[in-house]
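Here's the letter readout for the chains.
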Amino acid sequence: MPSFTSQELIERIINHFDIVDIVSQYIPLKKAGRNYKALCPFHEEKTPSFVVSPEKQLFHCFGCGIGGNLFTFLMKWEKVTFPEAVKMLADKAGISFPTLDRGKKKGVGREEAYRTNELAARLFQEILEKNKAIQDYLRKRGFTQKVIREFGLGYAPSSGDFLKLARQKEISLKNLKQSNLVGTSQGKEGWYSWFRFRLIFPIFDTEGRICGFAGRVLDNSLPKYVNSPQSVVFDKGKILYGLNFSKEAIRKKEEMILVEGYIDVIALHQAGLENVVASMGTSLTPSQVRLIKRYSDRVLIAYDQDKAGIAATLRSFDLLMNADLQVEIVNMPQGMDPEELVRKEGIDSFLEKKKKAIPYFDYRLDMAISNRSSMARRDKGDVVAILFSILEKTKLEGRQEMIRRLSQRLDLDEESLRAELSKLRGRERGFFSRREFLEIEDKQMSTEKALLQLMLNEKAIIRIVKERECIDNFVDSSHRKIAEEMIALLEEGEISSSKLINRLGEEKFSSLISSFSLSEELSQEEDKEQVAMDFINYLQKNKKRRRFSEVRKKIKESEEEGEKIDKWLYETIELNQFRKSKS
Ligand SMILES: [Zn+2]
């Protein structure tokens, strides 16, 4: 959680608002017993399964599983980050926001870094405005004054000039250093500026604050681009360039166009296409994929289809698929990026290509086929193997259609392909698809959930879980994290689901917590502590059982490889005794 959203502020907001009031400003709520119900705004449904509880100050949809507190609701609805949601509500409540963390060191450091960046950006801009040669260069590239100003383009002079001008503007060396705008070189006296004789692109975060810079050379020297080094406010793996300008358009169009370069973003914006962002570097990071997912479910990748562009597309794919994003590829002419295409052929040419964007599956199919000189039976087998690996990651609904397209393109029987795929899936699952295993896992999961539910309702049970050191017996990492957080909160006094949701931040946690809080109690027994003890014992026993089969496997492997098995024997005896005594 960012430093400027203090716990105190969050508490004040939560006390100020009623989740029922907030949610009912967006969707009509109907009273149903102690709760309120509505048609879920986050998935299509005909009968209401979206529940808001005034008592617990939570919401949960029993249809799609989304849930949380009022911050979660705003984050989902307005597609904003946690700090943004906090700010929206703080403004609404008239609680002054930026003053709250005054005096906290980290917060001040960040604020100072933003301010320094702002001042430096202005300095770079002023230099650009005075430099006719650079202005001519930008004009030749087709950039208008308006867009140059909007994106805050500037120019970095020599090291000496930069330091002199910074001093005139009263930007301290300490601040320049903290924002990584200057550095010292080894064995030499004095400071040098990080950007020299480069066209400067300020890099904005989602809220539009300048968090870093990129500098581009204007001749053919290398490296073509230099980015700010990581700083208190800049982490390029967590930023999509241009998102601050494009988020509205992305929401409206429900699609995001992903390009490689800053210049591509600016050129497309200028041509009127605004739902565009650039990855900072060629392949995406998990943080960037989460950022994409927050704004759109559909991504169109418009990278230059040279070798690097293709490799980047392939590398990013798994992350995008895992996030359940619909990925399409805009087929760019080889060696051309969107900026060049728009400059030479106009925006319509780009739009035409965008209209013909193909799903990732077909892109890979085309690529696999064109990489082969023949299409003999063995080649077809290779192509099928590549495409099956993608099918594995595709949602079930889409799969049938893809198999049909694969069979048409390769002229193979559709039914056989389908059978082949299901065989492959079965084999990979192996042991895990066996019935007895599934049953064990199911009971494990339901026990973990039931125990967490009891913990949420009664502090005494959290204490028991803590004392019995049960945390490591949770197999599901999200469940374990929630349990850990509850134990941590135990020390601080009051525990509520809403507080827990704020502490854990991520949507997967908020949805789990709201579902535990608002579902019927899984166990109807009166003596909750006894029930909890039974659950704890079960989880303990199941852990030993898993360890027992692991050790047996290890022994078997060691025997097969002629290694000594002594080290496993003692543990086996111990585990065996445990099994006998308790089952
Ligand atoms: Zn729903």
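Structural notes, computed from the coordinates. (Residues numbered from 1 in each chain as written. Predicted model: local features only at pLDDT ≥ 70, side-chain atom pairs only at ≥ 80, totals over all residues. Heavy atoms only, no water.)

**Quick word on the environment of I95**
Note the following rule: Segments assigned H or I by DSSP are reported as helices when at least four residues long, segments assigned E as strands when at least two residues long, and all are numbered from the N terminus.
Tracing the chain through its elements places I95 in the loop between α4 (82–93) and α5 (105–130). Measuring from C-alpha to C-alpha, the distance between I95 and A166 comes to 36 Å, with 71 residues separating the pair along the chain.

**Details of the coordination of the zinc ion**
Cut-off, in case you're wondering: Sodium, potassium and calcium take a 3.2 Å donor cutoff, other metals 2.8 Å, and in both cases only N, O and S atoms count; water is not among them, so sites may look incomplete. Tetrahedral means four donors with every angle between 85 and 135 degrees, whereas square planar (four donors) and octahedral (six donors) require angles over 155 degrees between opposite donors and between 65 and 115 for all others; sites fitting neither are termed irregular. Buried residues are those whose accessible area, probed at 1.4 Å on protein chains only, stays under 20% of the maximum for their type, while exposed residues exceed 50% and partly exposed ones sit between those limits.
Taken together, the protein ligands of the zinc ion are C40 (SG), H43 (ND1), C61 (SG) and C64 (SG), with distances of 2.1 to 2.3 Å. For the zinc ion, the four donor atoms in the first shell make angles of 101 to 122 degrees at the metal, a pattern classed as tetrahedral. Donor residues for the zinc ion, ordered by position in the chain, follow C-x2-H-x17-C-x2-C. Judged by its relative accessible area of 6%, C40 is buried. On the accessibility criterion, H43 (24% relative accessible area) is partly exposed.

**With respect to a negative patch on the surface**
This is how it is decided: Each patch is built from salt-bridge-free residues with over 30% relative accessible area, joining like charges within 9 Å and nonpolar side chains (Val, Leu, Ile, Met, Phe, Trp, Tyr) within 5 Å. Only the protein chains shown count as cover for residues, and all accessible areas are computed by the Shrake-Rupley method using a 1.4 Å probe. A pair is scored as a salt bridge if a Lys or Arg side-chain nitrogen falls within 4 Å of a carboxyl oxygen belonging to Asp or Glu. The convention is simple: Lys and Arg are positive, Asp and Glu are negative, and His and the chain ends are not counted. Positions of charges follow a simple convention, taking NZ of Lys, CZ of Arg, CG of Asp or CD of Glu.
Taken together, the side chains of E458, E526, D527 and E529 define an acidic patch exposed on the protein surface. Looking at where E458 falls in the secondary structure, it is placed in the loop between α20 (435–457) and α21 (459–467). Assessed through its relative accessible area of 30%, E458 is described here as partly exposed.

**Points about the sheet that holds strand β4 (residues 58–61)**
Definition in use: The pairing criterion is simple: DSSP has to find at least two bridges between the two strands.
Here five strands make up an open sheet; going across it, the order is β1-β2-β3-β4-β5 and the pairing antiparallel. A strand with exactly one partner marks an edge of an open sheet, and here the two such strands are β1 (30–32) and β5 (67–68). One ladder, built from four bridges, connects strand β3 (residues 50–53) with β4; its direction is antiparallel. Considered in β4, the bridge of V51 is made with H60.

**Things to note about the packing of helix α22 (residues 477–490) against helix α23 (residues 497–504)**
Basically, it comes down to this: Each axis is a line fitted through C-alpha atoms, taken for helices only over the stretch in contact, and angles between the N-to-C directions span 0 to 180 degrees. Should an angle lie under 35 degrees it is considered roughly parallel, over 145 roughly antiparallel, and from 65 to 115 roughly perpendicular; all remaining angles are considered oblique. With the far helix as reference, a near helix turned anticlockwise by less than a right angle produces a left-handed crossing, and one turned clockwise produces a right-handed crossing. When checking whether two residues touch, look at their non-hydrogen atoms; a contact exists if any pair is within 4.5 Å. Under the convention adopted here, Pro, Cys and the residues Ala, Val, Leu, Ile, Met, Phe, Trp and Tyr are nonpolar, Asp, Glu, Lys and Arg are charged, and Gly plus all remaining residues are polar.
Relative orientation of the contacting elements α22 and α23 amounts to 115 degrees, with a least axis distance of 10 Å. Taken as axis vectors, α22 and α23 run roughly perpendicular relative to one another. Handedness of the crossing formed by α22 with α23: right-handed. Across the interface between the two elements, K481, I482, E485, M486, A488 and L489 of α22 pack against K499, L500, R503 and L504 of α23. Its residues assigned to classes, the contact of α22 with α23 comprises six nonpolar, no polar and four charged.

So yeah, pure geometry; function would need other evidence.
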